Amino acid sequence: MTIIFESILPIFLLVSLGVWLKRSPLIDLTLWEGLEQLGYYVLFPALLFSTLATADFAGMKPDSTALATIGSITLMSAALLSLWPLLRARHVSPAAFTSIFQTATRWNGFMALAIAQKLYGPIGLSLTAMVMTLIIIPINVYNVGLLVWFNGGPKGLKFFAFKIVTNPLIVAAMLGIVLNYIGVTVYGPVLSAIDMLASASLSLGLIMVGAGLKVSDALKPSLVALLAVFLKLIIMPVFMVGTAYLLGIRGDSLLVIALGASVPTAMNGYLLAKQMGGDAPLYAAVATVQTVVSFFTIPLVLTLTGYIAAG
């Protein structure tokens, strides 16, 4: 519990800083939009590229893990899409649905990395990085595609494909994976510059979440927000752990998959919602509530998975 608390506390502190800065006279209100664009087009792509281009996957066999993680994300996405007619009948807007979808499928890989390192050491860190690599492209393709489809703009195949292949998050992730796979080493000073950008991305993303947060929505979450919390922190672990177990994954690998499934949503989805017509305030409220609730659900998921993994 202490390890998880120490991993989550910095996130709360930075989100709280964003809440305060947005409401203080220290920062001009016109700055926030530029910071959002900087994070979306530069800082978060740098983080994805740096992480995936330098991850060490030597000696790992990702076949069954890939099938379990990508398969469960795909099944979860399909299940969420099947909810849309029901939610629409309950007057949930398309923008709100995209934020439900994003917050239910995305996961904070960097929180997972921090917890995995403390709980399982270098092996857990490498396994978590491998899971991140496997699902980062499908998750972004599904979420970007959904935002394109639901934002009311053009929906032709060419337009959809263009949005996918030009999305900075997807481009950066694919480039990092390709360079890692073919063994190309990025020139040291260039990689150092990218790492410097990457180091600013997570903190800025958390501050931006706080800046976009409606405190009342987080303190008194709507039923829609609570639905997204339940889907991510309860249903997603059931999907991922169940799929992995059925595919014969056991031990530390199963625990790492459970950890990735049980952490709250990724903060970069907030910037994606802002840039592509999603419900960003709902995303921020859900992310905050998920982070609070995950303090209790992560230990529960890992404990139950531990019994399953041992069996």
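Remember, predicted model here, so these are calculated numbers, not experimental data.

1. Some details on the overall build of the chain
Okay, step 1: Along the chain, the regular secondary structure elements total 13 helices and 0 strands.
Okay, step 2: Each helix and strand of the chain, placed in order from N terminus to C terminus, yields the pattern α-α-α-α-α-α-α-α-α-α-α-α-α.
Okay, step 3: In summary, the chain has a C-alpha radius of gyration of 19 Å against a globular reference of 19 Å for 311 residues, a match within 12%.
Okay, step 4: Considering only C-alpha atoms, the chain reaches an extent of 50 × 50 × 45 Å along its principal axes.
Okay, step 5: Looking at the chain as a whole, 51% of its 311 residues qualify as buried.
Okay, step 6: For the chain, long-range pairs separated by at least 24 residues make up 85% of all intrachain contacts whose partners lie at least 6 apart in sequence.
Okay, step 7: Seen as two clouds, the 15 positive and the 10 negative side-chain charges of the chain have centres 12 Å apart.

2. A few points about the side chain of Thr288
Okay, step 1: Inspection of the secondary structure puts Thr288 in helix α13 (residues 280-310).
Okay, step 2: The contact partners of Thr288, leaving out residues within four places of it in the chain, are Phe12, Val15, Leu213 and Ala218.

3. A look at a nonpolar patch on the surface
Okay, step 1: Nonpolar side chains collect at one region of the surface, where Leu38, Tyr41, Val42 and Leu197 lie side by side and expose about 340 Å² of accessible area between them.
Okay, step 2: The biggest single contributor to the nonpolar patch is helix α2 (residues 31-54), with 3 residues.
Okay, step 3: Mapped onto the secondary structure, Leu197 falls in helix α8 (residues 188-211).
Okay, step 4: What makes Leu197 partly exposed here is its relative accessible area of 35%.

4. Brief notes about helix α4 (residues 94-105)
Three or four residues apart is the spacing at which side chains of an α-helix point the same way, because the helix has 3.6 residues per turn.
Okay, step 1: In this model α4 runs 17 Å from its N-terminal to its C-terminal C-alpha over 12 residues, within 8% of the 16 Å that 1.5 Å per residue would give.
Okay, step 2: For α4, the tally of buried residues reaches 10 of 12 residues, placing the bulk of the element in the interior.
Okay, step 3: Along α4, the residues classified as buried are Ala96, Phe97, Thr98, Ser99, Ile100, Phe101, Gln102, Thr103, Ala104 and Thr105.

5. Here we look at the packing of helix α10 (residues 223-246) against α13
Okay, step 1: Where α10 meets α13, the closest approach of the two axes is 9 Å, and the angle between their N-to-C directions is 30°. On the basis of the axis angle, α10 is roughly parallel to α13. For the crossing formed where α10 meets α13, the hand is right-handed. Counting all contacts with α10, which are made through Val224, Ala225, Ala228, Val229, Lys232, Leu233, Ile234, Pro237, Val241 and Tyr245, the residues of α13 involved are Leu282, Val286, Val289, Gln290, Val293, Ser294, Thr297, Val301, Thr305 and Ile308.

6. Considerations on the UniProt feature "transmembrane region" (unreviewed entry) in the chain
Okay, step 1: The UniProt record marks residues 39-59, 66-87, 127-150, 162-184, 190-211, 223-247, 253-273 and 285-310 with the feature "transmembrane region" (unreviewed entry), using the residue numbering of this structure.
Okay, step 2: A distance of 32 Å separates the end C-alpha atoms of residues 253-273, which is 76% helix and 0% strand.

7. Section: the pattern of salt bridges
Okay, step 1: The final tally for this structure, using the stated rule, is 1 salt bridge.
Okay, step 2: With a closest N to O distance of 3.4 Å, Lys274 and Glu36 form a salt bridge. With a gap of 238 residues between them, Lys274 in helix α12 (residues 268-276) and Glu36 in helix α2 connect regions that are remote in the sequence.
Okay, step 3: Look at Glu36 and you get buried, because its relative accessible area is 8%.

8. Quick word on unusual backbone geometry
Negative phi characterises most residues that are not glycine, and trans characterises most peptide bonds.
Okay, step 1: Although it is not a glycine, His91 sits at a positive phi angle of roughly 70°.
Okay, step 2: Looking at the secondary structure, you find His91 in the loop between α3 (63-89) and α4.

9. Some points on the environment of Lys220
Okay, step 1: Residue position: Lys220 is located in the loop between α9 (215-219) and α10.
Okay, step 2: Counting along the chain gives 102 residues from Lys220 to Lys118, while the straight-line C-alpha distance between them is 33 Å.

10. A few points about the nonpolar core
Okay, step 1: By size, the foremost hydrophobic cluster in this structure holds 94 residues, and its most contacted members are Trp107, Leu259 and Tyr270.
Okay, step 2: A per-element tally of this core places helix α5 (residues 109-150) first, with 18 residues.

11. Topic: the environment of Ile70
Okay, step 1: Among the secondary structure elements, Ile70 is positioned in helix α3.
Okay, step 2: When its relative accessible area of 29% is taken as the criterion, Ile70 is described as partly exposed.
Okay, step 3: A C-alpha to C-alpha distance of 24 Å links Ile70 and Val286, two positions 216 residues apart in sequence.
Okay, step 4: Setting aside anything within four residues of it in sequence, one finds Ile70 in contact with Leu134, Ile135 and Pro138.

12. A short note on α8
Okay, step 1: If you check α8, its first and last C-alpha atoms are 35 Å apart, about what 24 residues at 1.5 Å a residue would give, namely 34 Å.
Okay, step 2: Where α8 bends most, the angle comes to about 25°, and this point is Ser201.
Okay, step 3: All of the buried residues in α8 are Leu191, Ile194, Ala198, Ser201, Leu204, Gly205, Leu206, Ile207, Met208, Val209, Gly210 and Ala211.

So, how was this worked out
- Residues numbered from 1 in each chain as written.
- Predicted model: local features only at pLDDT ≥ 70, side-chain atom pairs only at ≥ 80, totals over all residues.
- Heavy atoms only, no water.
- Helix = DSSP H or I, 4+ residues; strand = E, 2+ residues; numbered from the N terminus.
- Rg over C-alpha atoms; globule rule 2.2 N^0.38 Å.
- Buried < 20%, exposed > 50% of the residue type's maximum accessible area, 1.4 Å probe, protein only.
- Contact = heavy atoms within 4.5 Å.
- Lys, Arg positive; Asp, Glu negative; His and termini not counted.
- Charge placed at Lys NZ, Arg CZ, Asp CG, Glu CD.
- Patch = residues over 30% accessible without salt bridge, like charges linked within 9 Å, V, L, I, M, F, W, Y side chains within 5 Å.
- Areas by Shrake-Rupley, 256 points an atom, 1.4 Å probe, with all protein chains shown as cover.
- Salt bridge = Lys/Arg side-chain N within 4 Å of Asp/Glu carboxyl O.
- Expected span 1.5 Å × (residues − 1).
- Axes fitted to C-alpha atoms, helices over the stretch in contact; angles between N-to-C directions.
- Parallel < 35°, antiparallel > 145°, perpendicular 65-115°, else oblique.
- Left-handed = near helix turned anticlockwise from the far one by under 90°.
- UniProt positions renumbered as here; feature names shortened; annotations may be inferred.
- Core = buried A, V, L, I, M, F, W, Y, C linked by side-chain atoms within 4.5 Å.
- Bend = angle between axes of the 7 residues up to and from the residue.

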